[in-house]
Amino acid sequence: MSFLLKQKTMDITHHVIGKLNEHGSFQLFYDNECIGEFVQETNEFKLKHGYEQQNGRILKSVTVTENPDAKYVDCDTEGGWC
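Residues numbered from 1 in each chain as written. Predicted model: local features only at pLDDT ≥ 70, side-chain atom pairs only at ≥ 80, totals over all residues. Heavy atoms only, no water.

Caption draft 1: Inspection of the pairing of strand S7 (residues 57-66) at higher detail. Inspection of the sheet shows strand S1 (residues 4-11) paired to S7 by eight bridges, in the antiparallel sense. Directly across from Leu-4, in S7, lies its bridge partner Glu-66. Relative to S7, strand S6 (residues 51-54) is paired through four bridges, and the arrangement is antiparallel. From the neighbouring strand, Glu-52 faces S7, where its bridge partner is Leu-59. Hairpin geometry of S6 and S7 is characterised by an intervening segment of two residues between the two adjacent antiparallel strands and by a positive phi of about 50° at Asn-55. (Pairing = 2+ DSSP bridges. Helix = DSSP H or I, 4+ residues; strand = E, 2+ residues; numbered from the N terminus.)

Caption draft 2: How the structure looks around the nonpolar core. Judged by nonpolar contacts, Ile-12, Val-16, Leu-28, Tyr-30, Ile-35, Tyr-51 and Ile-58 together constitute the single largest core of seven residues. Ile-12 has contacts with Tyr-30, Ile-35, Tyr-51, Ile-58 and Lys-60, leaving out every residue within four places of it along the chain. (Core = buried A, V, L, I, M, F, W, Y, C linked by side-chain atoms within 4.5 Å. Buried < 20%, exposed > 50% of the residue type's maximum accessible area, 1.4 Å probe, protein only. Contact = heavy atoms within 4.5 Å.)

Caption draft 3: Structural context of the sheet that holds strand S5 (residues 44-47). Ordered in space as S2-S3-S4-S5, the four strands form an open sheet in which the pairing is antiparallel. At either end of the open sheet lies a strand with only one pairing partner, and these are strand S2 (17-20) and S5. Going across the sheet, the axis of each strand differs from the next one's by a mean of 30°, ignoring polarity. Bridge count between strand S3 (residues 25-30) and strand S4 (residues 33-39): six bridges; the pairing is antiparallel. Pairing of Ser-25 across the sheet is with Val-39, part of S4. (Axes fitted to C-alpha atoms, helices over the stretch in contact; angles between N-to-C directions.)

In short, geometric facts, not functional conclusions.
Laid out in structure tokens, this is it:
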């Protein structure tokens, strides 16, 4: 059985939390992990690798597996059908 790895982008905007820090920037958190910051003075996002900002949305790159030849087979072992 073969699997393919594929890059996908997830919109995580509604799950990101911003916390104001002592330097006047907002630290951005996703799943309790700091993923970067938004600096108010420059209106810039500084995000960790794997995260990006596009059109006011925060996106996360993830690798998913796909099985292009996947087939579902349910065998009836008592009746002998497969």
